[in-house]
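Summary of structural features
Residues per chain, in single letters:
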Amino acid sequence: MPAGPRPAPPLALPKAVYSKHLAPARVTEVYDSYWHFAVERQRVFFRRLAGERPPWTGDPVIGGYRFTNAYRASDRVSQYLIRNVIYREDLPSSDEEVFFRILLFKLFNRVETWELLEATFGAVTWSDYRFDLYDAALARALRGGTRIYSAAYIMPPGGSTFGYPAKHQNHLRLLEAMMRAGTPARLRGARRMQQAFDLLRSFPTIGDFLAYQFVTDINYSQLTDFSEMEFVVPGPGARDGLSKCFASGGGLNEAELIRLVADRQEEEFERLGLDFPSLWGRRLQLIDCQNLFCEISKYARVAHPDISGVAGRTRIKQRFAASAAPLAPPWYPPKWGLDTSVAPSPAEQRAESLIIASRRPTMDMRTYQREARATDRVPLTASGTVDPVAGLIVPLLGLAGETGQLLSEYKKHLRDRDAHLMFKERVAEELGDLLWYVANVASKFDLDLAEIAAANLEKTQGRWGARPDAPHIFDEGYPEHERFPRRFEVEMYETVVEGKVKVRVLLNGSPLGADLTDNAYDPDGYRFHDVFHMALVAVLGWSPVVRSLMKRKRKSRPKVDEVEDGGRAQVIEEGVSALVFDYARAHSFLEGVRDLDYELLKTVASMTRHLEVSRCSLGDWQRAILYAYGVWREIVKHSGGRVLVDLDQRAIRFLGASDAGATEAIVADA
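Bear in mind that the values here come from a model prediction, so they are computed numbers and not experimental data.

Cut-offs applied
- Residues numbered from 1 in each chain as written.
- Predicted model: local features only at pLDDT ≥ 70, side-chain atom pairs only at ≥ 80, totals over all residues.
- Heavy atoms only, no water.
- Helix = DSSP H or I, 4+ residues; strand = E, 2+ residues; numbered from the N terminus.
- Buried < 20%, exposed > 50% of the residue type's maximum accessible area, 1.4 Å probe, protein only.
- Contact = heavy atoms within 4.5 Å.
- Areas by Shrake-Rupley, 256 points an atom, 1.4 Å probe, with all protein chains shown as cover.
- Lys, Arg positive; Asp, Glu negative; His and termini not counted.
- Salt bridge = Lys/Arg side-chain N within 4 Å of Asp/Glu carboxyl O.
- Phe/Tyr/Trp six-rings, centres within 6.5 Å; stacked < 30°, edge-to-face > 60°.
- Arc of directions from axis to C-beta.

Here we come to the overall build of the chain. Helix and strand counts for the chain come out as 26 helices and nine strands. Per-residue burial for the chain yields a buried fraction of 48% across its 670 residues. Counted over contacts in the chain with a minimum sequence separation of 6, partners at least 24 positions apart contribute 70%. Approximately 32100 Å² of the chain is accessible, and the part contributed by carbon and sulfur atoms is 53%.

A few words now on the side chain of Asp-75. You can see Asp-75 is positioned in the loop between helix H2 (60-64) and helix H3 (76-86). Buried and without a salt bridge, Asp-75 has Arg-41 as its closest oppositely charged side chain, separated by 5.3 Å. Setting aside its immediate chain neighbours within four residues, Asp-75 contacts Thr-68 and Asn-69.

In the structure shown here, the tally under the stated rule is 35 aromatic pairs. Seen in terms of ring centroids, Phe-100 and Trp-126 are 5.5 Å apart; in terms of plane orientation they differ by 50°. Their pairing is tilted. One end of the pair, Phe-100, is in helix H4 (residues 95-108); the other, Trp-126, is in the loop between helix H5 (111-121) and helix H6 (131-143), and 26 residues separate them in sequence. Judged by relative accessible area, Phe-100 falls into the buried class, the value being 0%.

When we look at burial in helix H10 (residues 193-201), the residues that qualify are Met-193, Ala-196, Phe-197, Leu-199 and Leu-200. The arc that holds the buried residues of H10, viewed along the axis, is 160°, so those residues lie on one side. Structurally, H10 contributes buried residues whose contacts are with H4, helix H8 (167-180), helix H9 (183-189) and helix H11 (208-218).

We now examine unusual backbone geometry. What you tend to see is this: most non-glycine residues have negative phi, and most peptide bonds are trans. For the bond from Pro-54 to Pro-55, the omega torsion is 5°, close enough to zero to count as cis. Secondary-structure assignment places Pro-55 in the loop between helix H1 (29-49) and H2. Positive phi outside glycine occurs at Ser-588, with the angle close to 55°. Relative to the assigned elements, Ser-588 resides in the loop between helix H24 (567-585) and helix H25 (598-607). Phi at Leu-590 takes a positive value of approximately 65°, unusual for a residue other than glycine.

Quick look at the pattern of salt bridges now. Scanning the entire structure with this criterion turns up 50 salt bridges. Put simply, Arg-72 and Asp-217 hold a salt bridge, and the shortest N to O gap is 3.0 Å. Here Asp-217 lies in helix H11 and Arg-72 lies in the loop between H2 and H3, a separation of 145 residues in the sequence. By the burial criterion, Arg-72 is buried, and Asp-217 matches it. Here Asp-515 and Arg-504 are joined by a salt bridge, their closest N and O atoms 2.8 Å apart. With Asp-515 in the loop between strand S6 (510-511) and helix H21 (530-540) and Arg-504 in strand S5 (residues 500-507), the pair connects residues that are eleven residues apart, well separated along the chain.

Our next topic: the environment of Arg-53. Structurally, Arg-53 can be placed in the loop between H1 and H2. Taking the C-alpha atoms as reference points, Arg-53 and Ser-323, 270 residues apart in sequence, are found 8.5 Å from one another.

What follows is the structure, given as structure tokens:
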């Protein structure tokens, strides 16, 4: 099983070497050793797995002292837990039983203690558990000089809480309390690792570090399915390792530094020219990077003795004695999908790791809504029934709260700029929380999130662009005399009739409709509003008013003539014209305006929703209105002028008094 060449012993690096490549954070030379250690320790794992004989490394520190694997799940105790405690076909697989076995095993964290219990009771199950029997079995082992606890981490004795003289008695009572509190079911309902961590942390004697270790072990089972990249809690050893690797955190706390390292692992391996043999394509997770900081804390005591950490320790306690016995084939949680029967080369593993790093799991909206709904903790009334009011208020308040959190992260980004190294990750987390609450509200109103998303996308596409399938020539296929000319020119000019200033519109030298006034007490230019109708012809291919004036009504189809070209449609168009004119007047006749009010466009769409023009998008309407008033302002400025209407180009142009002085407002076909 190839694992790459064996390296020479670690280089003697200059003292107090600092790097600013993670600025504003500053790292020491121990930081580079962190990555070299991860690579070499993982190579040792694969060499042992391949049955190679020792020594498995040229690094005297790794070869001479005991270190855990680069991946926590590959360690001996984790492998035993996964294979012999969690995934047992001969033991019950209910949530309660699996949780009971995991916590019973982890409270002692010692393989020999589990095997002692199995030898004593046979099947270790919650249904057959009795405190007095388990207490007696463990007490006998202690009296015989048998260690029942691992030295990997210290379990608080718990005597002040449960009142028993023996440590194991208090821990058995702790496990009973967790079972009675319905912890397995509550863990099943937790939607985030943080929630599960908080639940475990709420029990006496379980602090931050133990709660994080326990939730990680539980997550190996089918009881939960959190991403190991979601959450991390640095232990004492990891904090010491971080203090040796980072001269300055650049404003990041310890957990954020671990996340930074996990997120940058591919870049760091590439920077140092290292081929990391990953765990069959699985990247180092936050828990693994946390463990590696604990291990580099020990490694640096020998490799970098002049770099002191916060713990102040100077030697490694446990020496390593190599065994020629090969490792048993590893077995990982099936949900990880690792094919351990094949060992790719380091280069192949590294390439696969890079692919996985760039790939994020995707999910359709209905699946997300369904799975999110399963994690809803619906508030109950005093009688134990679902509280419908609180059940809706909670996600609504959640939307407001998470929006505030998102704004807070952006505030930090504006304030700290590049020093806010976790900005994108934090934004992604807050957006995810918002999505959960959106899905929850949709479920409470019996709405389909996928349908909401599709409708919203249709709305936004319609708002900002033409619909690809929306024809803008509605008289295609009609007789020529019932179709708009595809290109024509109209002339508008002011004339005085009986003392009133009116606007006359000419088409091919002949009047097009009656002369128009402003129909207002004060002149406001509405007399030139036929420009708006012409813009509708050019951009939308629609105007019942102009069609009637040009005598181009589609009489060959009586129903179309009645509905689309008749009096009601003309009145609606004039109503739209008056509405838009009033809006334009309140906004400097749209000079300098690029986007119209959404409510205006929705109103226009609502007024015309039963007509053929409803196939045009809000974006089409916006373009027609903006370009209409671009030409209208020129017409008013010149007290008239010539206008070119071009349906094929979807263009309306102000030509002015002469072509040489033409000012154009061109609508590009969407």
